[in-house]
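Read off the chains here:
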Amino acid sequence: MGGKGKIRRWRISFYRSSSASKNEPPQEFLCPISKSLMFDPAVVSSGETFERACVLVCRDLGFTPTLADGSRPDFSTVIPNLALKTAILNWCSKTGSERPNPPVYSDVESIVRSLMGSSDSPKIRVSERELLKAVAETPPVLFSHAATELNPRNLYSSSSSEESVVANATPLLPFATRPSCFSFSSSPSTSSEFVSEDASSANVSSTSSGEDENFVTRMRNLDVYEQEQAVILLRKTTRTNEEARAALCSERLLFALKQLLKSRYAAVQNNATAALVNLSLEKANKIKIVRAGVVPLLIDILRNGFEESREHAAGALFSLALEDENKTAIGVLGALQPLLHELRSGTRRSRHDAALALYHLTLVQSNRVKIMKLGAAGILLGLLKDAELAARVVLVVCNLASCDEGRAALLDANAVETLVAALGNRAESDSESTQENCVAALHSLSHGSLRFKGLARDAGAVEVLRNVAETGSKRAREKAGRILEVLRGPEEAEDGAEVDWEAVMKDGVTRPRHRFGKSYGAISSEF
């Protein structure tokens with residue numbers, strides 16, 4: 001009897017132990033911050049995997065936790081860990097465990113704040129503290145446009161006040177530094193007339209010391225009308241005042257603004273996105289905004305937002321892409337495909353900004369590879385036939401033609417014929433920069449490709465290039481002449497035409513250096 005009882009107790013004990021072991025998730029399935037099964041696991045820059053919501057809350061609060069091994073993760077880039085998510089779901093199915101639910105933001109925030117300790121003020125990482133210090137001070141003024149451009153300019157004008165951008169190791173090129181959705185000549189959308197100029201002026205003076213309390217309080221208000229008025233006032237305040245842009249771009253204001261970017265009320269989302277564009281014009285704010293986790297929200301707006309919001313989102317991505325440190329992160333976070341879609345189907349302003357955003361993003365090799373995998377070669381070449389977009393799209397084509405993957409994809413997509421046709425159509429026009437960039441793209445395609453010569457002859461490139469060599473600009477003539485040397489056949493050499501083959505071979509193994517044409521000035525719309 002006693003022995004039988006012992007056996008029964010042993011069996012019950014064994015069953016419970018087995019069940020507990022079976023349903024206990026592996027340690028790698030648990031978020032190091034929340035200690036719970038991950039719903040949306042994401043890999044950060046330092047290699048660890050966390051629940052995405054935990055990473056976003058930590059970035060919003062400026063907090064970096066110390067892990068069990070004493071290391072501190074780097075939250076600057078967040079990439080979905082799809083393999084681990086699949087593994088977690090498979091484990092739940094096999095064990096009969098409940099699948100993880102999406103974490104509630106407020107619950108995650110409570111967990112993170114408990115890790116931060118009893119301090120009410122958010123802790124700031126060293127790098128962010130340096131950024132905040134740079135924002136509080138007056139940075140070197142690279143943009144004088146905010147004080148000078150009081151009226152919309154022609155889209156094809158250039159200004160010495162605009163920032164110079166280096167493209168493919170070329171000499172400095174004057175280029176647009178503001179999105180076309182930015183201007184000073186009109187008021188914010190919807191009910192901006194209810195915000196008095198006196199209130200706006202009073203707020204500008206109060207922000208000189210970095211006081212953003214009024215904006216944050218009103219943006220957090222549950223009343224949608226108060227939220228709308230807050231972002232309208234923020235938009236007006238940061239429209240022309242560079243000091244206000246620097247002083248207001250704090251962690252808590254960006255956090256409050258992010259919540260309004262998700263709003264389903266058109267007036268709130270439109271003005272919140274426009275205000276973000278204004279803040280991004282300050283050079284010292286660009287990295288802060290990307291690190292605050294704004295880019296995924298801008299991508300979501302490009303996909304699902306209101307039309308005006310999409311224009312501002314494209315403009316914001318263009319403005320943020322001007323900062324070299326942001327280019328790779330924006331590409332990794334998935335902005336290339338939505339920008340390509342906006343380039344094809346957006347409004348005039350959003351297409352303009354999407355093209356220039358793609359130009360700056362494709363200055364980075366990793367983004368060139370990514371965009372090629374999206375089938376961009378055929379899309380971009382098709383858009384070269386659009387007279388309104390060709391001048392900007394050809395800049396992206398030049399970037400892609402400078403790498404092996406891009407050259408191969410462009411040649412497969414019949415780029416030679418398309419570019420030759422574009423040159424022929426614009427030979428009599430005043431579009432000098434477009435002509436220069438088409439020739440530069442052809443020059444890049446001619447290097448390292450045995451196919452180029454045959455494709456160029458089939459497309460009738462010789463006659464078009466001869467015309468450019470006679471009537472084009474100095475740079476276009478130089479590039480056209482080099483391509484013509486490559487295209488010369490042996491019969492022409494026998495007729496007495498001397499060919500400097502040593503120079504041709506030298507050019508063939510030298511990495512091309514592109515110097516693109518005139519800039520395309522910003523700004524056709526209004527804030």
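Model, not experiment: these values are computed from the prediction. (Residues numbered from 1 in each chain as written. Predicted model: local features only at pLDDT ≥ 70, side-chain atom pairs only at ≥ 80, totals over all residues. Heavy atoms only, no water.)

Describing the UniProt feature "repeat: ARM" (unreviewed entry) in the protein chain
According to UniProt, the feature "repeat: ARM" (unreviewed entry) maps to residues 252–294 and 293–330 in the numbering used here. Helix makes up 84% of residues 293–330 and strand 0%. Its end C-alpha atoms lie 10 Å apart. (UniProt positions renumbered as here; feature names shortened; annotations may be inferred. Helix = DSSP H or I, 4+ residues; strand = E, 2+ residues; numbered from the N terminus.)

Overview of the packing of aromatic side chains
Enumeration according to the criterion identifies 3 aromatic pairs in this entry. Ring geometry for Phe50 against Phe75: centres 5.4 Å apart, planes inclined by 85 degrees, an arrangement best described as edge-to-face. Of this pair, Phe50 sits in strand β2 (residues 49–51) while Phe75 sits in the loop between α2 (52–61) and β3 (78–80); the two residues are 25 residues apart in sequence, bridging distant segments of the chain. The pair Phe50 / Phe75 is uniform in exposure class, with both members buried. Taking the centre distance of 5.6 Å and the plane angle of 20 degrees together, the rings of Tyr105 and Phe255 count as stacked. Note that Tyr105 is positioned in helix α4 (residues 105–116) and Phe255 in helix α11 (residues 251–261), a separation of 150 residues in sequence. For Tyr105, a relative accessible area of 27% translates into the label partly exposed. (Phe/Tyr/Trp six-rings, centres within 6.5 Å; stacked < 30°, edge-to-face > 60°. Buried < 20%, exposed > 50% of the residue type's maximum accessible area, 1.4 Å probe, protein only.)

Section: the sheet that holds β2
Reading across from one edge, β2-β1-β3 is the order of the 3 strands in this open sheet, with antiparallel pairing throughout. Two strands bound the open sheet, and with one partner strand each, they are β2 and β3. This sheet shows a mean twist of 45 degrees between the axes of neighbouring strands, independent of strand direction. Examined bridge by bridge, strand β1 (residues 41–44) and β3 share 3 bridges and lie antiparallel to one another. Counted as the bridge partner of Val44 is Val78 from β3. The sheet contacts of α2 involve β1, β2 and β3, and relative to β2 the element is tilted by about 85 degrees. (Pairing = 2+ DSSP bridges. Axes fitted to C-alpha atoms, helices over the stretch in contact; angles between N-to-C directions. Contact = heavy atoms within 4.5 Å.)

A word on helix α19 (residues 365–373)
Taken together, the buried positions of α19 are Asn367, Arg368, Ile371 and Met372. Looking down the long axis of α19, one finds its buried residues gathered within 135 degrees of arc, a one-sided arrangement. The inward-facing, buried residues of α19 contact α16 (324–332), α17 (336–345), α18 (348–361), α20 (376–383), α21 (390–401) and α22 (404–412). Note on α19: the residue one or two positions beyond its end, Gly375, has a positive phi of about 75 degrees. (Arc of directions from axis to C-beta.)

Focus: the side chain of Arg245
Topologically, Arg245 is positioned in helix α10 (residues 242–248). Despite being buried, Arg245 has no salt bridge partner; Glu242 is the closest side chain of opposite charge, sitting 4.5 Å away. A polar side-chain atom of Arg245 sits 2.9 Å from the main-chain carbonyl oxygen of Thr238. (Lys, Arg positive; Asp, Glu negative; His and termini not counted. Salt bridge = Lys/Arg side-chain N within 4 Å of Asp/Glu carboxyl O. Polar contact = N/O pair within 3.5 Å; in protein donor to acceptor, adjacent residues only side chain to side chain.)

Side note on the environment of Glu28
Considering the arrangement of structural elements, one finds Glu28 in the loop between α1 (2–23) and β1. Along the primary structure Glu28 and Thr49 are separated by 21 residues, whereas in three dimensions their C-alpha atoms are 8.4 Å apart. Contacts of Glu28, omitting those with residues within four sequence positions, involve Met38 and Leu84.

What about the environment of Arg344?
The residue Arg344 is located in helix α17 in this model. With relative accessibility at 52%, the residue Arg344 sits in the exposed group. The sequence separation of Arg344 and Ala354 amounts to 10 residues, and the corresponding C-alpha distance is 9.3 Å.

What to know about the pairing of β1
Pairing of β1 with β2, which is carried by 3 bridges, proceeds in the antiparallel orientation. Residue pairing for β2: Pro41 is matched across the bridge by Glu51. Hairpin connection, β1 to β2: the antiparallel pair is bridged by 4 residues, and Gly47 has positive phi, about 105 degrees.

Focus on the environment of Ala266
With respect to the element layout, Ala266 can be found in helix α12 (residues 266–280). C-alpha of Ala266 to C-alpha of Glu308: the two residues are 42 residues apart in sequence and 8.6 Å apart in space.

Section: the pattern of salt bridges
Enumeration according to the criterion identifies 17 salt bridges in this entry. Here Arg113 and Glu109 are joined by a salt bridge, their closest N and O atoms 3.2 Å apart. Of this pair, Arg113 and Glu109 both sit in helix α4, 4 residues apart, roughly one helical turn. By relative accessible area, which is 34% here, Arg113 ends up partly exposed. Across the pair Glu226 and Arg218 runs a salt bridge whose closest N-O atoms are separated by 3.2 Å. Residue Arg218 is classed as partly exposed on the basis of its relative accessible area of 22%. The structure contains a network of salt bridges with shared partners spanning Asp212, Glu213 and Arg252.

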